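Okay, here's what each chain looks like letter by letter:
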Amino acid sequence: ADLDALERITSQFLLFAGGGDAEPAVQLPLNQWLAELTAPLEAEQVQLDLTPLEARVQPVALGRAVGNLIENALSHGQAPLRLVLRPAQADGFRIEVWDQGPGIPADQWPQALMPFQRLDRARGGSGHCGLGLAIASRVAEAHGGSLELRDPAQGGFSVCLLLPLEDSNS
């Protein structure tokens, strides 16, 4: 278990430090790709709400970002999660991960996006080092987009990757 935790932390740090910068962008059917990404999860853990969309992305980096968001939601929120893919304004798309938990207080959002920050030390189990949201934010920026934390009026918590349909780095 210790070796698995160390491997996870090392992998997270290398990705944060720029380990995915050289990955080529490829055109993908995002709805199918996200369905495959979540296939290992139990059916009661995640609900898919995916609009058919294609975009040019770095699939390994974006997969790690979405994986981090899903893992955070499962670790700190409450299932079932809802994974949403929708077109967004200005020729882009959004990937949202919703959970049914209390979320992060709005005054702590800036700290939550900083690397190596864990808002509650008790939440950082084996293999967690406070890089999940920072990596997701960095991947979004590398794709020419952004990451937003949302506290919807209907309850729960949402993290949203807002990305352009065309990769600005290609």
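One structure accompanies this document, and this report is about it. For clarity, every value in this text was computed on a predicted model and none was experimentally measured. (Residues numbered from 1 in each chain as written. Predicted model: local features only at pLDDT ≥ 70, side-chain atom pairs only at ≥ 80, totals over all residues. Heavy atoms only, no water.)

A short note on the overall build of the protein chain
- On a plain count of helices and strands, the protein chain comes out with five helices and seven strands.
- In the protein chain, the succession of α and β elements from N to C terminus is α-β-α-β-β-α-β-β-α-α-β-β.
- Residue burial in the protein chain is summarised as follows: out of 170 residues, 40% are buried.
- When contacts within the protein chain are restricted to residue pairs at least 6 apart in sequence, long-range pairs at least 24 apart make up 66% of them.
- Summed over its atoms, the accessible surface of the protein chain is roughly 8800 Å², and 52% of this surface lies on carbon and sulfur atoms. (Helix = DSSP H or I, 4+ residues; strand = E, 2+ residues; numbered from the N terminus. Buried < 20%, exposed > 50% of the residue type's maximum accessible area, 1.4 Å probe, protein only. Contact = heavy atoms within 4.5 Å. Areas by Shrake-Rupley, 256 points an atom, 1.4 Å probe, with all protein chains shown as cover.)

Things to note about the nonpolar core
- Core analysis: the largest hydrophobic core is formed by 33 residues, its most contacted members being Leu62, Val66, Leu69, Phe93, Ile95 and Leu161.
- Of all the elements in the fold, those that place two or more residues in this core are α2 (30-38), β3 (54-57), α3 (59-76), β4 (81-88), β5 (92-99), α5 (132-142), β6 (146-150) and β7 (157-164).
- Ranked by the residues each element gives to this core, the list is headed by α3, at seven residues.
- The residues contacting Leu161, other than those within four sequence positions of it, are Leu62, Val66, Leu69, Phe93, Arg94, Ile95, Ala136, Ala140, Ser146 and Leu147. (Core = buried A, V, L, I, M, F, W, Y, C linked by side-chain atoms within 4.5 Å.)

Structural notes on the packing of α2 against α3
- The N-to-C vectors of α2 and α3 enclose an angle of 55°; their axes lie 11 Å apart at closest approach. Between α2 and α3, the crossing angle belongs to the class labelled oblique. Seen along the crossing, α2 lies across α3 with a hand that is right-handed. Seen from α2, the contacting residues are Trp33, Leu34, Leu37 and Thr38; seen from α3, they are Pro59, Leu62, Gly63, Val66 and Ile70.
- Taken together, the residues of the contact of α2 with α3 break down into seven nonpolar, two polar and no charged. (Axes fitted to C-alpha atoms, helices over the stretch in contact; angles between N-to-C directions. Parallel < 35°, antiparallel > 145°, perpendicular 65-115°, else oblique. Left-handed = near helix turned anticlockwise from the far one by under 90°. Nonpolar A, V, L, I, M, F, W, Y, C, P; charged D, E, K, R; others polar.)

Some points on the environment of Gly101
- Among the structural elements, Gly101 can be located in the loop between β5 and α4 (109-112).
- Residue classification places Gly101 among the buried residues on the basis of a relative accessible area of 6%.
- Through-space distance from the C-alpha of Gly101 to that of Ser158 is 9.6 Å; in sequence the pair is 57 residues apart.
- For Gly101, the residues in contact, after removing those within four places along its chain, are Gly77, Gln78, Gly156 and Phe157.

With respect to α3
- Between the first and last C-alpha of α3 there are 25 Å, a value that for 18 residues agrees with the 26 Å anticipated at 1.5 Å per step.
- Among all positions of α3, only Pro59, Ala61, Leu62, Gly63, Ala65, Val66, Asn68, Leu69, Ile70 and Ala73 are buried. (Expected span 1.5 Å × (residues − 1).)

Some words on the pairing of β5
- The buried count for β5 comes to seven of eight residues, which makes it a mostly enclosed element.
- By the bridge criterion, seven bridges tie β4 to β5 in an arrangement that is antiparallel. Bridge pairing links Leu85 to Ile95 in β5.
- Once β4 ends, the chain turns through three residues before running back antiparallel as β5, passing Ala90 with a positive phi of about 60°. (Pairing = 2+ DSSP bridges.)

A few points about the sheet that holds β6
- Pairing is mixed in the open sheet, where five strands are placed in the order β2-β4-β5-β7-β6. The sheet terminates laterally at β2 (46-50) and β6, the two strands that pair on one side only. Adjacent strand axes in the sheet meet at a mean angle of 15° when their direction is disregarded.
- Relative to β5, α3 is tilted by about 25°, and along the sheet it contacts β4, β5, β6 and β7.

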